[in-house]
Amino acid sequence: MMGEHSEGMKRDCAEALLDLSTYIDGELTDDKREHIRTHLDDCPPCYDAYGFETELRTVISHRCQDQVPDELRRRIADAIAGLDPAAPTEG
C-alpha cells in the first residue's frame with residue numbers, strides 16, 4: 001500500500017512491527033500470524049522491515065558464534081564423565 005496510511009493501517013503497522021520478532025520465531029497463534037502475514041503482503045515498508053530483521057538474524061547467526069577452545073571442551077567432557085549418577089545431589 002503506497003502513499004498515505006490510514007489510522008487503521010498505522011495501527012496495523014505498529015502491531016506488525018511490535019510482533020515482528022515473535023512472528024519470525026513462530027511464537028504467535030495461527031490467527032495472529034495470518035493477520036501479520038497479510039499486513040506484510042500489503043505494506044511494503046513493513047515487509048522491508050521484516051526482510052531487514054530476517055537478514056540481520058542470518059548475519060548474526062553466521063558471524064557471531066563463540067568458539068570454545070578444545071581444551072575447555074575436553075575438561076568439561078572429563079568432568080561429566082567423572083560424575084557418579086548415583087551420587088546424591090546437593091540442595
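Below, the structure is looked at part by part. (Residues numbered from 1 in each chain as written. Predicted model: local features only at pLDDT ≥ 70, side-chain atom pairs only at ≥ 80, totals over all residues. Heavy atoms only, no water.)

Counting secondary structure elements, the chain contains five helices and zero strands. Reading the helices (α) and strands (β) of the chain from amino to carboxyl end gives α-α-α-α-α. For the chain, with 91 residues in total, the buried portion stands at 14%. Long-range contacts, defined here as pairs at least 24 residues apart, represent 54% of the contacts in the chain between residues at least 6 apart. Carbon and sulfur atoms make up 54% of the accessible area of the chain, which amounts to about 7,400 Å² in all. (Helix = DSSP H or I, 4+ residues; strand = E, 2+ residues; numbered from the N terminus. Buried < 20%, exposed > 50% of the residue type's maximum accessible area, 1.4 Å probe, protein only. Contact = heavy atoms within 4.5 Å. Areas by Shrake-Rupley, 256 points an atom, 1.4 Å probe, with all protein chains shown as cover.)

This next bit is on the packing of aromatic side chains. Centre-to-centre distance and the angle between the planes together describe a pair of aromatic rings. All chains considered together, the criterion is met by two aromatic pairs. A centroid spacing of 5.9 Å and a plane angle of 70 degrees characterise the contact between Tyr23 and Tyr50, whose relative ring orientation is edge-to-face. In this pair, Tyr23 is assigned in helix 2 (residues 20–24) and Tyr50 in helix 4 (residues 44–63), connecting sequence segments 27 residues apart. Accessibility expressed as a relative area gives 8% for Tyr23, which makes it buried. For Tyr50, a relative accessible area of 23% translates into the label partly exposed. Ring centres of Tyr47 and Tyr50 lie 5.8 Å apart, and the angle between their planes is 40 degrees; on these two criteria the pair is classed as tilted. Within this pair, Tyr47 and its partner Tyr50 are both found in helix 4, separated by three residues, close to a single helical turn. (Phe/Tyr/Trp six-rings, centres within 6.5 Å; stacked < 30°, edge-to-face > 60°.)

Okay, the nonpolar core next. Residues Met9, Cys13, Ala16, Tyr23, Leu28, Ile36, Leu40, Cys43 and Cys46 constitute the largest nonpolar core, which totals nine residues. Those residues in contact with Ile36 that sit more than four places away from it in its chain are Ala16, Asp19, Tyr23 and Leu28. (Core = buried A, V, L, I, M, F, W, Y, C linked by side-chain atoms within 4.5 Å.)

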